[in-house]
Amino acid sequence: MSVISVVGGQWGDEGKGKIVDVLSSDVELVARYQGGANAGHTVYTEEGKIVLHQIPSGILRDNCVCILGNGMVVDPEGLYEEIRQVSKKNISIDNRLILSHNAHIVTPIHKAIDIHSEGKLKNPIGTTGKGIGPTYVDKFNRRGIRGIDLLNLEILRIKLYNRLESAIENFEIPLALKLELEEKIESYLKISEKISIYVSDVYEIIQSHLDNSQKILIEGAQGTLLDIDHGTYPYVTSSSPSTGGISTGLGLPLHRISRHIGIFKVYCTRVGEGPFPTELQDESGELLRKIGKEFGATTGRPRRCGWFDLPAAKFSVQVNGLTEIALTKLDVLDKFEKIKICTGYMINGKIQSGYSSSMCNLQEVEPIYTEFPGWRTSTVGFHHSENLPGKVKEYIRFLEESLGVPIKLISTGPARDQIIES
Ligand code: GDP
Ligand code: IMO
Ligand code: MG
C-alpha cells in the first residue's frame, strides 16, 4: 500500500507545504480533503517561493496529478489567481488539476457573510475572511453551491442571486452591500466559467490509483487543534483537518492509508483568537516570531508564538493515529540559550491528566515546563541526524520518547533539500 497522509499536528502552519513537496517527488496523486483558501502552504523550489492556498503542493512536481476533493470549499476566483501564479513559474497544469464536482464553492456572498459576522461578534474567532465557515454552513444546510454548478452558468447565476437575496433578508449582510455584490457576481461568473474546465468526477481517479497501487499523498490543511470536532471550539475552523476528515473528504477509506505523518514545529504558533497554553508574550516569543518569520501566509497577521506543547501533541498523535512525525523549523531554535517543552498542565494548582480533559478550560492552564540547554550552533541545512550536536539529539530523543512515535523527518530550513530523512 502506498497511500500517505500528511496532517498538521498543532494549530496549522507547521510546514505541511514543505513536507508534502519533499515527499511528492515520486508520487502520482496529491489530494486535499478539507478547508479552502484559508490555508497558506509555503514551498521554496529552485524557482523561488510560492504560497499555495487551494492547489495541493504536489503541483510543483510534474509527476503529480492534483485533486481538490469533495470535502473542500473552493473559491474559483482564488483558484484562478493561484493557477496564474503557478503558471508564472513555468509549471504546466494541463490535465494535472481536478476539482471534484462534489466540492462546495465559495462565492463573494460567503466571503461577505464571513467578514460581516466576525465584525458583529463580541468575541470574534479571528477567521481568515475567506468565506470558509459560511460555505460549510450552506453545505450542511443542504443549500450549497457545488463544483457541478460551475458547469451550468445560467443555473449558477440564479443560485447566486437567490443566495444574495436570502443573505440580505436574513441580515447575514447589510443591504448596503447589495449593489457591490451584484457587480462581484458578474465578474465571478466569468471566472467560474474558466474554472469549470477543471470540474470532474474524482472518485474514479482515486479508485483507479488505489487499484493500481499508485502512490497517493494526502495533504491536510490547518491542524488538529483547529478541527471542528477535536479543536479548541469555538476557536476552530469549520472542517475536519485531522485524519478522520480524509475518509469523508475524499471518499478514500482510512484502512487504505499505510502511513499517517503528523507535522509539528519544534515550538507552537497560532493565528487568530483562542486559548494557547504555552503562548509567550515576552522576548522569547518575539524571538521565535522574528527568527521563524512567523507571519500568516494567507493574511499576513503576526502569529502568536510559544513553546512546544507535549500534552496537546500527544492528543494529536492519538486522535490522528499518527504512525510517524515530521519535525519542522529545528533551525529556529539554534540561537536560544534555554529551550522549554511543556510536559504537563496545571489548573488551580492541580496537575491535570492530559490535554483532552483540559480542552474546555485551556485558558486556565498553567504549563509545567521541562527545560533543555540550547545548542547555540547552526543546524541550518543539516542532512544527517548523526551530525547533529548532542544537545539537539537529546532534545529530539526526548520528544520522540514522550510522543511514542518515530520522528522520521526533521526539517532544517525552508528549502527542499534542507531535510533529514531517516
Ligand atoms: P503550512 O501551512 O503548514 O504549509 O506552513 P506555512 O507555509 O504556513 O508556514 C511554515 C513556514 O515555515 C513557511 O514559511 C516555510 O517556508 C517555513 N519552513 C518550513 N520548514 C522550515 C524549517 O525547517 N526551517 C525554517 N526556518 N523555515 C521552515
Ligand atoms: P494552514 O493550512 C493557521 C485559523 C484562523 C482562525 C481559525 C478560523 O496554512 O495551516 P477560518 O478562516 O478557517 O474560518 O478561520 O482558523 N486558520 C489557520 N491558522 N493555518 C491555517 O491554515 C489556517 N486556516 C485557518 O486564523 O483562527
Ligand atoms: Mg500555513
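Parameters and conventions
- Residues numbered from 1 in each chain as written.
- Chains lettered and ligands numbered in written order.
- Predicted model: local features only at pLDDT ≥ 70, side-chain atom pairs only at ≥ 80, totals over all residues.
- Heavy atoms only, no water.
- Donors = N, O, S within 2.8 Å, 3.2 Å for Na, K, Ca; no water.
- Helix = DSSP H or I, 4+ residues; strand = E, 2+ residues; numbered from the N terminus.
- Buried < 20%, exposed > 50% of the residue type's maximum accessible area, 1.4 Å probe, protein only.
- Disulfide = S-S within 2.5 Å.
- Near = heavy atom within 4 Å.
- Polar contact = N/O pair within 3.5 Å; in protein donor to acceptor, adjacent residues only side chain to side chain.
- Areas by Shrake-Rupley, 256 points an atom, 1.4 Å probe, with all protein chains shown as cover.
- Nonpolar A, V, L, I, M, F, W, Y, C, P; charged D, E, K, R; others polar.
- Domains from an automatic or database assignment.
- Phe/Tyr/Trp six-rings, centres within 6.5 Å; stacked < 30°, edge-to-face > 60°.

### Concerning the coordination of the magnesium ion (ligand 3)
With distances of 2.1 to 2.2 Å, the protein atoms coordinating the magnesium ion (ligand 3) are Asp13 (OD) and Gly40 (O). Here Asp13, found in the loop between β1 (3–8) and α1 (16–23), pairs with Gly40, found in the loop between β2 (29–32) and β3 (41–45); they are 27 residues apart in sequence, far enough to count as distant. Of the residues examined, Gly40 reaches a relative accessible area of 11% and is grouped as buried.

### Points about the environment of Ser356
Secondary-structure assignment places Ser356 in helix α11 (residues 355–358). For the pair Ser356 and His230, spaced 126 residues apart in sequence, the C-alpha separation works out to 8.8 Å.

### What to know about the state of the cysteines
The full count for this structure, using the stated rule, is zero disulfides. Its sulfur unpaired, Cys360 is 17 Å from the next cysteine sulfur, which belongs to Cys342. What makes Cys360 exposed here is its relative accessible area of 70%.

### A word on the site of ligand 1
With respect to spatial proximity, 18 residues lie near ligand 1, and among them Gly15, Lys16, Thr42, Asp331 and Ser411 are the closest. Lys329 has a polar side-chain atom sitting 2.9 Å from an oxygen atom of ligand 1. Calculation on ligand 1 without its partners gives an accessible area of 590 Å², and the protein chains cover 92% of this total. Elements with a minimum of two residues in the shell around ligand 1: α1 and β3. The greatest single-element share of the shell around ligand 1, amounting to three residues, is contributed by β3. Of the residues contributing to the shell around ligand 1, the split by class is four nonpolar, eight polar and six charged. Counting only domains with at least three residues in the shell around ligand 1, you end up with domain 1 (3–100 + 204–260) and domain 3 (263–421).

### Regarding the packing of aromatic side chains
Tallied over the entire structure, the rule returns eight aromatic pairs. Ring centres of Phe264 and Phe308 lie 6.2 Å apart, and the angle between their planes is 45 degrees; on these two criteria the pair is classed as tilted. Here Phe264 is found in strand β11 (residues 259–265), whereas its partner Phe308 is found in strand β13 (residues 304–309), with 44 residues between them in sequence. Exposure class is identical for Phe264 and Phe308. Each is buried. When the centroid spacing of 5.8 Å and the interplanar angle of 70 degrees are considered together, the rings of Trp307 and Phe336 count as edge-to-face. Separated by 29 residues along the polypeptide, Trp307 in strand β13 and Phe336 in the loop between β14 (324–328) and β15 (338–347) bring together distant segments of the chain. Judged by relative accessible area, Trp307 falls into the buried class, the value being 4%. An aromatic cluster is built from Phe372, Trp375, Tyr395 and Phe398, whose rings are joined through pairwise contacts.

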